Amino acid sequence: MHHVKPILIKFIVYSILLSLVLLFYGFSIPAVLLLSALLSVITYFLGDVFVLPLKGNFVATIVDGGTIFLGVLIWIVPYYGLYFSTLASALFVAFVVSVSEWFLHIYVIGRVDREDREPVYD
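Participant: How should I be thinking about the environment of Phe50 in this particular structure?
Facilitator: Here Phe50 is to be found in helix H2 (residues 29-55). The sequence separation of Phe50 and Ala60 amounts to 10 residues, and the corresponding C-alpha distance is 8.7 Å.

Below you can see the structure in the form of structure tokens.
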């Protein structure tokens, strides 16, 4: 149950940041919310649960940013193709999300139970 609050925070942040880019590409609000939900769950369990306790905040932030970059590219490319604008949009979203992830990881390290594992601080 302690996983719900960080995933909800990720979902809210991702929804806001992804809507800033994907609505300009013509994606609907339900599509943006679906992508936000998928990426929130994937990045939480991949980056925050597995990588963060083992490798620390920096590596977990890189993993989350890369996952967001690939997720947005996979979402946009079938509709618009692989062009500079789609790469730049995905990179912009990944960078902004990575900055927010850095602070979310600090929250997760301090507040979420890590099942008696010693977290790595960096």
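Participant: Just to check I follow, could you spell out the nonpolar core for this structure?
Facilitator: If you look at soluble globular proteins, the nonpolar side chains tend to sit buried side by side. Leu18, Leu22, Phe27, Ile68, Val72 and Val93 are the most contacted members of the largest nonpolar core, which has 19 residues in total. In terms of residue count, the dominant contributor to this core is helix H1 (residues 4-22) (5 residues). Apart from the residues within four sequence positions on either side, Val72 is in contact with Leu18, Ala90 and Val93. By size, the runner-up hydrophobic cluster in this structure holds 6 residues, among which are Val51, Ala60, Val108 and Ile109.

Participant: Please explain the side chain of Ser40 as it appears in this structure.
Facilitator: Of note, Ser40 is situated in helix H2. Every residue in contact with Ser40, bar those within four places of it in the chain, is listed here: Ile7, Lys10, Phe11 and Tyr14.

Participant: Where do I start with the pattern of salt bridges in this structure?
Facilitator: Where charged atoms from two side chains of opposite charge approach closely, those side chains can pair. In total, this model carries 3 salt bridges according to the counting rule given. Note that Asp48 is salt-bridged to Lys10, the shortest N-O span being 3.5 Å. Highlighted residues: Asp48 in helix H2 and Lys10 in helix H1, separated in sequence by 38 residues. Each member of the pair, Asp48 together with Lys10, is buried. We classify Lys10 as buried; its relative accessible area is 1%. Taken together, the shared-partner salt bridges connect Lys10, Asp48, Asp64 and Glu101 into one network.

Thresholds applied
- Residues numbered from 1 in each chain as written.
- Predicted model: local features only at pLDDT ≥ 70, side-chain atom pairs only at ≥ 80, totals over all residues.
- Heavy atoms only, no water.
- Helix = DSSP H or I, 4+ residues; strand = E, 2+ residues; numbered from the N terminus.
- Core = buried A, V, L, I, M, F, W, Y, C linked by side-chain atoms within 4.5 Å.
- Buried < 20%, exposed > 50% of the residue type's maximum accessible area, 1.4 Å probe, protein only.
- Contact = heavy atoms within 4.5 Å.
- Salt bridge = Lys/Arg side-chain N within 4 Å of Asp/Glu carboxyl O.

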